[in-house]
Amino acid sequence: MNIPSVIKEQPKLDMTTRNPVKMLPDQELVQAGTGLKIDPRIDPGERLNGSGQFFPDQYLGDIKSNGKFIGIVCRDHEYVDGDRVKIYVNDMVVEPNLLLTGAFKGVNVDLQSGFNKIDFEALNHGSSAPNTAQVDVYDENGQLLYSNKWLLSSGSKATLIVTKD
């Protein structure tokens, strides 16, 4: 039976070198990712689900309260997909990793005289971008003072200012 050869070039072995066998032919290979342009505003995985949008920091507004404390509660107001946030009060972490579910969860915050800056940092965007939440603020008597929603990319912050006279 006359079978044609599938090897077009006969291998050349130089037994004087350390490793004479080449598994691949000589080629001009380039590093993976050469020519890739990265948008610095986007965290890894941010463009999941084809949205391609970036949701920057968001200012939620400001409110006044003369109480000793306020209650801040959050929930995922859209698709419950594993969104997580970190809550800061005056640049100090009061909740390091709050998982947003369909039910409200939150913290009580003691108010200082003057301005109290409350930041909500999106730690991720769950399985569906962006990080979505509804935030409600209650006074010490349980009265609703404020309600708003956010859409954030991972690493972005939503900021609320509470002023106490």
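Heads up: the structure comes first, above all this text.
The structure displayed is predicted, hence computed values, not measured ones.

(A) Expanded view of the sheet that holds strand S8 (residues 144-152). What the four strands build is an open sheet, ordered S5-S2-S7-S8; its pairing is antiparallel. Edge positions in the sheet fall to strand S5 (105-110) and S8, since each has one partner strand and no second. Each adjacent strand pair in this sheet contributes to an overall mean axis angle of 20°, direction not counted. Bridging between strand S2 (residues 69-75) and strand S7 (residues 131-138) involves five bridges; their strand directions are antiparallel. Within S7, the residue paired with Gly71 across the bridge is Tyr138.

(B) Spotlight on the pairing of S2. Where S2 lies against S5, six bridges are found, and the strand directions are antiparallel. For Gly71, the partnering residue across the bridge sits in S5 and is Asn108.

(C) Summary view of the nonpolar core. Ranked by size, the top nonpolar core spans 25 residues in total, and within it Leu60, Ile70, Ile72, Ile118, Phe120, Val135 and Trp150 carry the most contacts. Broken down by secondary-structure element, the contributors of at least two residues to this core are strand S1 (58-64), S2, strand S3 (84-89), S5, strand S6 (114-122), S7, S8 and strand S9 (157-164). For Val135, the residues in contact, after removing those within four places along its chain, are Leu60, Ile72, Val73, Cys74, Phe120, Tyr146, Ser147, Asn148 and Trp150.

(D) Summary view of the sheet that holds S1. Pairing within the open sheet is mixed, and its five strands lie in the order S1-S9-S6-S3-S4. If you trace the sheet from one side to the other, it starts and ends with S1 and strand S4 (92-99), each paired once. On average, adjacent strands in this sheet sit at an angle of 15° to one another, irrespective of strand direction. With eight bridges connecting them, S6 and S9 associate as antiparallel partners. Across the sheet, Asn116 pairs through a bridge with Val162, a residue of S9.

(E) Quick peek at the packing of aromatic side chains. If you walk through the whole model with that rule in mind, you get one aromatic pair. Measuring from centroid to centroid gives 4.9 Å for Phe120 and Trp150, while their planes differ by 35°, and the two rings are tilted. Here Phe120 is found in strand S6, whereas its partner Trp150 is found in strand S8, with 30 residues between them in sequence. For Trp150, a relative accessible area of 1% gives the class buried. We note Lys157 situated over the ring of Tyr88; from NZ or CZ to the ring centre the distance is 4.6 Å.

(F) Looking closely at unusual backbone geometry. Between Ala129 and the following residue, Pro130, the backbone shows a cis peptide bond with an omega angle of -5°. The residue Pro130 is located in the loop between S6 and S7 in this model. Positive phi is not limited to glycine here, since Asn90 has a value of about 50°. Here Asn90 is to be found in the loop between S3 and S4.

Conventions used here
Throughout this document, residue positions are counted from 1 along each chain, in the order its sequence is written. Predicted model: local features are reported for residues with pLDDT of at least 70 only, side-chain atom pairs are reported and counted for 80 or more only, and whole-chain, interface and lining totals are derived from all residues. Note that the side-chain values use all heavy atoms of the structure and ignore hydrogens as well as water. For two strands to be treated as a pair, DSSP must find no fewer than two bridges joining them. Here a helix means four or more residues in a row that DSSP labels H or I, a strand means two or more in a row labelled E, and each is numbered from the N terminus. Note on method: axes are straight lines fitted to C-alpha atoms, helices fitted across the in-contact stretch only, with angles between N-to-C directions ranging 0 to 180 degrees. Remark: nonpolar core denotes a set of buried residues (Ala, Val, Leu, Ile, Met, Phe, Trp, Tyr, Cys) joined through side-chain atoms within 4.5 Å. Each residue gets one of three labels from its accessible area relative to the maximum for its type: buried under 20%, exposed over 50%, partly exposed in between, using a 1.4 Å probe on protein chains only. Here a residue-residue contact requires only that any non-hydrogen atoms of the pair lie within 4.5 Å. Aromatic rings from Phe, Tyr and Trp, taking only the six-membered ring of Trp, are treated as a pair when their centres fall within 6.5 Å; an angle between ring planes under 30 degrees marks them as stacked, one over 60 as edge-to-face, and anything in between as tilted. Whether a charge sits over a ring comes down to the Lys NZ or Arg CZ being within 6 Å of the ring centre and within 35 degrees of the ring normal.

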